[in-house]
Amino acid sequence: MATADRLNAIYDRLLAHWGPQHWWPAETPFEVMVGAILTQNTAWKNVERALVNLKGAGLLSLASLADLPTALLAEYIRPAGYYNLKAGRLHNLLRCITDQFGDDLQAFLAQPLPRLREQLLAVKGVGPETADSILLYAAGLPIFVVDTYTHRILTRHQVIDEDFGYEAIQELFMDNLPCEAQLYNEYHALLVRVGNLYCKKKNPACAACPLQGV
């Protein structure tokens, strides 16, 4: 089966099994961006607790977080883990925005995809997965987000070889699927769902997995 057919079959099976995932769970593009930093190396439930702290204190805005001392920000996001590191990364990202656009987040996110991606990747602590999550889920731009689940699922289903890296996997999706942000959004969210519930690193639940036989 051709690669495009395989990728479409995986998507169709997962969408039929679970339906739309309504990801990213956030009220604003800025909340998406903060969540993209906080979710590095931690479970989403921990990120939610950190976001609740920020919302409860009335701090979940570009201006408020930019003015907050890094040490104090770290205390608010403590539930997300690596809080000192992530507080520094958040402030690095905020400086990238405010140095160019002040508090106009919309103008920052309205830049062409290649330029915006280059700027995000230049921020210390922002790698390809974080940058692309911001591009897709905050800016609504058509770029496929690759994570550990994506690599594991495609490897186990023999769509890719074990040595495929981030860019190669991203190109595989974007070369074989329509260039549509909503499709990339839904596909990535569904892969996270099946990876989290079934395609685990150890003791995968293959017999119960909705992708069995695909």
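Below you will find a few notes about this structure. (Residues numbered from 1 in each chain as written. Predicted model: local features only at pLDDT ≥ 70, side-chain atom pairs only at ≥ 80, totals over all residues. Heavy atoms only, no water.)

1. Some points on the overall build of the protein
Each helix and strand counted, the protein has 12 helices and zero strands in total. Relative to the compact-globule value of 17 Å for 214 residues, the protein shows a C-alpha radius of gyration of 18 Å, a close match. Judged by the C-alpha coordinates and their principal axes, the protein covers about 55 × 35 × 30 Å. Residue burial in the protein is summarised as follows: out of 214 residues, 47% are buried. Expressed as a percentage of contacts within the protein between residues at least 6 apart in sequence, the contacts between residues at least 24 apart total 60%. For the protein, the exposed surface amounts to about 10,400 Å²; the carbon and sulfur share of it is 51%. (Helix = DSSP H or I, 4+ residues; strand = E, 2+ residues; numbered from the N terminus. Rg over C-alpha atoms; globule rule 2.2 N^0.38 Å. Buried < 20%, exposed > 50% of the residue type's maximum accessible area, 1.4 Å probe, protein only. Contact = heavy atoms within 4.5 Å. Areas by Shrake-Rupley, 256 points an atom, 1.4 Å probe, with all protein chains shown as cover.)

2. A look at the layout of surface pockets
Volume-wise, the largest pocket comes out at about 890 Å³. Listing elements by their share of the lining of the largest pocket, those giving two or more residues are helix H3 (44-56), helix H9 (128-138), helix H10 (148-156) and helix H12 (181-197). Among the elements that make up the lining of the largest pocket, the one with the highest residue count is H12 (seven residues). Tallied by class, the residues present in the lining of the largest pocket amount to 10 nonpolar, 12 polar and eight charged. (1 Å grid on protein atoms, 1.4 Å probe; cavity = no way out; pocket = protein on both sides within 12 Å on 5 of 7 lines; lining within 4 Å. Points joined across faces, edges and corners; volume = space filled by probe spheres on them. Nonpolar A, V, L, I, M, F, W, Y, C, P; charged D, E, K, R; others polar.)

3. Here's the deal with the pattern of salt bridges
For the coordinates displayed, the defined rule picks out five salt bridges. A salt bridge links Glu31 to Lys55, with the shortest nitrogen-to-oxygen separation between them at 3.1 Å. One end of the pair, Glu31, is in helix H2 (residues 29-38); the other, Lys55, is in helix H3, with 24 residues separating them in the sequence. The exposure class assigned to Glu31 is buried, which follows from its relative accessible area of 5%. Bridged by salt links that share partners, the residues Glu27, Glu31 and Lys55 form one connected network. (Salt bridge = Lys/Arg side-chain N within 4 Å of Asp/Glu carboxyl O.)

4. Quick look at the packing of H2 against H9
The N-to-C vectors of H2 and H9 enclose an angle of 160 degrees; their axes lie 9 Å apart at closest approach. Taken together, the axes of H2 and H9 lie roughly antiparallel to each other. H9 is crossed by H2, and the crossing has right-handed handedness. Residues Pro29, Val32, Met33, Ala36 and Ile37 of H2 lie in contact with H9, whose contacting residues are Thr130, Ser133, Ile134, Tyr137 and Ala138. Residue composition of the contact of H2 with H9, grouped by class: eight nonpolar, two polar and no charged. (Axes fitted to C-alpha atoms, helices over the stretch in contact; angles between N-to-C directions. Parallel < 35°, antiparallel > 145°, perpendicular 65-115°, else oblique. Left-handed = near helix turned anticlockwise from the far one by under 90°.)

5. Quick notes on the packing of aromatic side chains
Per the stated rule, a full pass over the model turns up 11 aromatic pairs. Relative to Trp24, the ring of Trp23 lies with its centre 5.5 Å away and its plane at 40 degrees, an arrangement referred to as tilted. Accessibility expressed as a relative area gives 26% for Trp23, which makes it partly exposed. With relative accessibility at 11%, the residue Trp24 sits in the buried group. When the centroid spacing of 5.2 Å and the interplanar angle of 85 degrees are considered together, the rings of Phe173 and Tyr187 count as edge-to-face. Here Phe173 is found in helix H11 (residues 166-176), whereas its partner Tyr187 is found in helix H12, with 14 residues between them in sequence. An identical accessibility class is assigned to Phe173 and Tyr187; each is buried. By way of ring pairs, the aromatic residues Tyr11, Phe144, Phe173, Tyr184 and Tyr187 are connected into one cluster. (Phe/Tyr/Trp six-rings, centres within 6.5 Å; stacked < 30°, edge-to-face > 60°.)

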